[in-house]
Structure formats: structure tokens, C-alpha cells
Amino acid sequence: MVAENQWIKIKAPATVANMVCGFDILGFAVNNPYDEMGMRWMTRAQNEPSIVIINIDDYQLPTDPEKNVAGAALLAFLEEYEEKEKDNAVKIKLEVKINKLIKPGSGVGSSAASSAGAVVGANYLLGNVFSKDDLVRFAMNGEKLASGVKHADNIAPCIFGGVTLVRSIFPLEVVALPSPQLYVTIVHPQIEVRTSDARSILRQQVLLKDAIKQWGNIAGLVAGLMKSDYDLIGRSLEDVIIEPVRSILIPGFDDLKKVCKQAGALGGGISGSGPSIFMLSKTKEIAVAVEKEMNQLYDGIGLPHHTYVTTINQAGVEIIA
Ligand code: HSE
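Remember, predicted model here, so these are calculated numbers, not experimental data.

With that settled, consider the overall build of the protein. What the protein contains, in helices and strands, is ten helices and eleven strands. Taking all 321 residues of the protein together, 55% fall into the buried category. Of the contacts made within the protein by residues no fewer than 6 positions apart, 74% connect residues no fewer than 24 positions apart. For the protein, the accessible surface area stands at approximately 13900 Å², while carbon and sulfur atoms represent 50% of it.

A few words now on the layout of surface pockets. If you add up the space inside the largest pocket, you get close to 730 Å³. Forming the walls of the largest pocket are 38 residues, and the residues nearest its centre are P104, G105, S111, A146 and T195. Going through the elements one at a time, α2 (110-125), α3 (132-147) and α5 (195-200) are the ones with two or more residues in the lining of the largest pocket. Considering every element that reaches the lining of the largest pocket, the biggest residue donor is α3, with four residues. Residue contributions to the lining of the largest pocket reach at least three from each of two domains, namely domain 1 (8-177) and domain 2 (183-311). In this model, the second largest pocket occupies a volume close to 400 Å³. No other element matches the five residues that helix α6 (residues 208-227) contributes to the lining of the second largest pocket. Class assignment for the residues of the lining of the second largest pocket results in 13 nonpolar, four polar and three charged.

It is worth spelling out the pattern of salt bridges at this point. Where charged atoms of side chains with opposite charge meet at close range, the side chains can pair. Taken as a whole and assessed by the stated rule, the structure comprises 13 salt bridges. Taken together, the shared-partner salt bridges in this structure form one network comprising E80, D134 and R137.

Side chains of I201, I248 and L249 sit close together on the surface and give an oily, nonpolar patch of about 270 Å² of accessible area. Residue position: I248 is located in the loop between α8 (243-246) and α9 (253-262).

Attention shifts here to helix α10 (residues 284-300). Compared with the 24 Å implied by 1.5 Å per residue over 17 residues, the 24 Å span of α10 between its first and last C-alpha is a close match. Listed in full, the buried residues belonging to α10 are A287, V290, E291, M294, L297 and Y298. Here the buried residues of α10 occupy an arc of 130° about the axis, which is enough to place them on one side. Residues E285, K292, Q296, D299 and G300 are exposed on α10 and point more than 90 degrees away from its buried face.

With that settled, consider the site of the ligand. Near the ligand the following residues occur: A17, N18, F23, D24, H151, D153, N154, T195, R199, R246, G272 and S273. Residue N18 places a side-chain N or O atom 2.8 Å away from a nitrogen atom belonging to the ligand. In isolation the ligand offers 260 Å² of accessible surface; the protein chains occlude 96% of this area. A molecule is said to occupy a pocket when more than half its atoms come within 2 Å of that pocket's grid points, and by this definition the ligand occupies the largest pocket. Here the residues of the shell around the ligand are counted per class, giving two nonpolar, six polar and four charged. Inspection of the shell around the ligand shows a minimum of three residues originating in each of domain 1 (8-177) and domain 2 (183-311).

We now examine the domain arrangement of the protein. What the domain assignment lists for the protein is domain 1 (8-177) and domain 2 (183-311). A straight line from the C-alpha centre of domain 1 to that of domain 2 covers 25 Å. Of the residues lining the interface, 28 residues belong to domain 1; the matching set on domain 2 comes to 37 residues. Interface area for domain 1 against domain 2, summed over the two sides, is near 2400 Å², with a carbon-plus-sulfur share of 66%. Three residues stand out in domain 1 for area buried against domain 2, namely V20, C21 and F23, and they jointly supply 27% of the buried area on that side. The interface formed by domain 1 and domain 2 holds one salt bridge in total. R199 is the salt-bridge partner of D24, the closest N and O atoms lying 2.7 Å from each other. Run the count over domain 1 and domain 2 and you get ten residue pairs in polar contact (both at pLDDT 80 or more). In terms of residue count, the dominant contributor to the side of domain 1 that touches domain 2 is strand β2 (residues 26-43) (seven residues). Of the residues that constitute the side of domain 1 that touches domain 2, the class distribution is 16 nonpolar, ten polar and two charged.

Cut-off values and rules
- Every residue gets a number counted from 1 within its own chain, in the order that chain's sequence is written.
- Owing to the predicted nature of the model, reporting of local features is limited to residues with pLDDT of at least 70; listing and counting of side-chain atom pairs is limited to 80 or more, with chain, interface and lining totals taken over all residues.
- Side-chain measures here rest on the full set of heavy atoms in the structure, leaving out hydrogens and waters.
- Put simply, DSSP marks the helices as runs of H or I at least four residues long and the strands as runs of E at least two long, and each gets a number from the N terminus on.
- We call a residue buried when its accessible area falls under 20% of the maximum for its residue type, exposed when it is over 50%, and partly exposed in between, using a 1.4 Å probe and counting protein chains only.
- Contacts were defined at the residue level, with two residues in contact if any of their heavy atoms lie within 4.5 Å.
- In this description, accessible areas are obtained by the Shrake-Rupley approach with a 1.4 Å probe, and a residue is regarded as covered only by the protein chains that are shown.
- Think of a 1 Å grid over the protein atoms and nothing else: a 1.4 Å probe that fits but is trapped marks a cavity, an open set flanked by protein within 12 Å on at least five of seven lines marks a pocket, and residues with an atom within 4 Å of a point count as lining.
- Grid points are joined across faces, edges and corners, and a volume is the space filled by probe spheres set on the points.
- Here the bounds of each domain stem from an automatic or database domain assignment.
- Note on residue classes: Ala, Val, Leu, Ile, Met, Phe, Trp, Tyr, Cys and Pro are nonpolar, Asp, Glu, Lys and Arg are charged, and everything else, Gly too, is polar.
- Salt bridges, as used here, are contacts in which a Lys or Arg side-chain nitrogen is within 4 Å of a carboxyl oxygen on Asp or Glu.
- Candidates for patches are residues over 30% relative accessible area with no salt bridge; among them, like charges are joined within 9 Å and nonpolar side chains (Val, Leu, Ile, Met, Phe, Trp, Tyr) within 5 Å.
- How far a helix is expected to stretch is found by multiplying one less than its residue total by 1.5 Å.
- As used here, the arc is the angular range of directions from the helix axis to the C-beta atoms.
- Residues are counted as near a molecule or strand when any one of their heavy atoms sits within 4 Å of it.
- Pairs of N or O atoms are called polar contacts if they sit within 3.5 Å, as long as, within protein, a hydrogen donor faces a hydrogen acceptor (for residues adjacent in sequence, only side-chain-to-side-chain pairs).
- If over half the atoms of a molecule are within 2 Å of the grid points of a cavity or pocket, the molecule is regarded as sitting in it.
- Two parts placed together each lose some accessible area under a 1.4 Å probe, and the buried area is that loss summed for both.

What follows is the structure, encoded as C-alpha cells:
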């Protein structure tokens, strides 16, 4: 257990959920961007709140723990912690400083980084009493608050690092997948797509023929990752269910995908619920060429945007000091 009042520093990576065909089940963490957080624990006096949130960025996110994704995750964490430690007379108060470097609503797991960073930090402060699976369960309360649904395809890679498969949510089963060296190019057009909106437009039923295609792609992608078969990975990055509906929310989506593939990308698509788009490439040179195409396309239609060329983050949330 870390000493009372001692601050720790946490780095929580951005994540790309869905990986095109694996809606709500596949995702991976990236090395850039990431959020920075500070945390400490104190003894809680009577009538004191158990969680204090301090935002040190300009996003003006709520500081009420029940309305803040990190707060919602920590409330779930503390509830189980106090149950586990009920004979311990010391009551815990957690103070969290959040510096969001991952823009909220960008589609690269901003809310997951806050929720996952907070619970990994709390667990470290209090002596690592919970498993990673437990932490994913707590952090999903943040996703519920953000999008109305408990999904773990950002949280799981954020906590485990690498590529993860959420085989089941209830009960939770996360499978860490291997992956060959992959470069990731991300473009974030400066528009906001709320995950709840991007979910509400989805059809509730799928055709069997589409489901069969999607199953083939998910299995192909997982096999491609395990066998380091880049061509199989590329062929499997196809989504016949979600992307056709959601891509209408993202200007230039089809053209962007086309030019990125022409530049040599293996494939890619909407990152999470968008508006960011990601592409996977075999080499850094290709990833940079893909970035150039993204810049050209969005400059051409006058849409402000940010790009990142990065790699898959294998560590997940890290305590850095
Ligand atoms: N799987 C979720 C969705 C991820 O696509 O709605 C949100 O980041």
C-alpha cells in the first residue's frame, strides 16, 4: 500500500475499439495520445466525500463523482473495496487530478482512459487488491455513464495493453491477443460524435448473411493477429454491419479509406464510435504515407483535424511515478 497522502502519477493510453469488424468485443491500446492523472489516498473523516475530482485541463468535465466517468468507476471500486476490507477501521478518500490529453468525444477511448486510469491508480495505492478483470468491471461503470451501455472494448485494452477480445461481459472474460508489429495512423476530424448518438442510430437486427460475413472477418482478424499474417489481417478489416450506418456521420469517410489503402495501409475504419478513423500499416513509412493522405484529404475539404502515427501500446495503464 502506498503511504497516505503520497501522490502517484498515472499514464492512461488512448484505445481503438471495435477494430472494424469486432463491434463491442475487439480493441487495442496505442502509445499516443494518452491522459495523465495524479492520485492519492487519505483517511476519510465522517461526512467527507469518498472521491474528490480535480480537472486540470480545459474541458470542464463534471467534478461530481456520480457524473464523472472516473468518479463512477471509483465509486464501484470503493464499494467493493470497503466490502472486502470491512474489518478495517480506516475509511478511504481518493483524490484524483485529471489532465485529459485525449479529447473527449474523439473516438479513441477518452472516457475509458479516465475510468481505467482511475481504478488502476486506486488499486495501486491500496496495495493491488483487485485483479485486472475486477478493474475492467469497475471501469465499465464509467462507460455506462458516458454511453448508456457497459461495454469493455476500450476499457479492456486500456487496462491490459495490447489487443484484447472481450469474449463475454457478463460474466466478464477478457482474452489478451498477440499481435505482430503494426503501425497505427489515426485522424481525428474536429467534429464531435457522441457515442450514445452513434449507438442509437444502429439497427437492432442483422441479416444472417451479414452476420456470417462478420463472423468470418472477426475470426480471420484474430487468426491473422495470432499468425502474424498481415494479408489476412488486411482482408479481415471489413465491417458489413456497423460501418455502413455510422460512416455517414464522418465527412469524406469512403474516400479517405480508399486513398489510405492505395497508400499501402492494410486496412482500417472508424475508431470506436468515431469520428476518428484509424488505419493499420506494416511499416512506419507506410503509416506516414497514410497520414499524408489523411492530411491532404481533410485539408482539401477544409475540415480541421489532428493526426497521430503511433504503435500498439503493450503496457496499458502505467504508474509512472
Ligand atoms: N464499441 C463501442 C461503440 C465503442 O462502437 O459504440 C465506443 O468507443
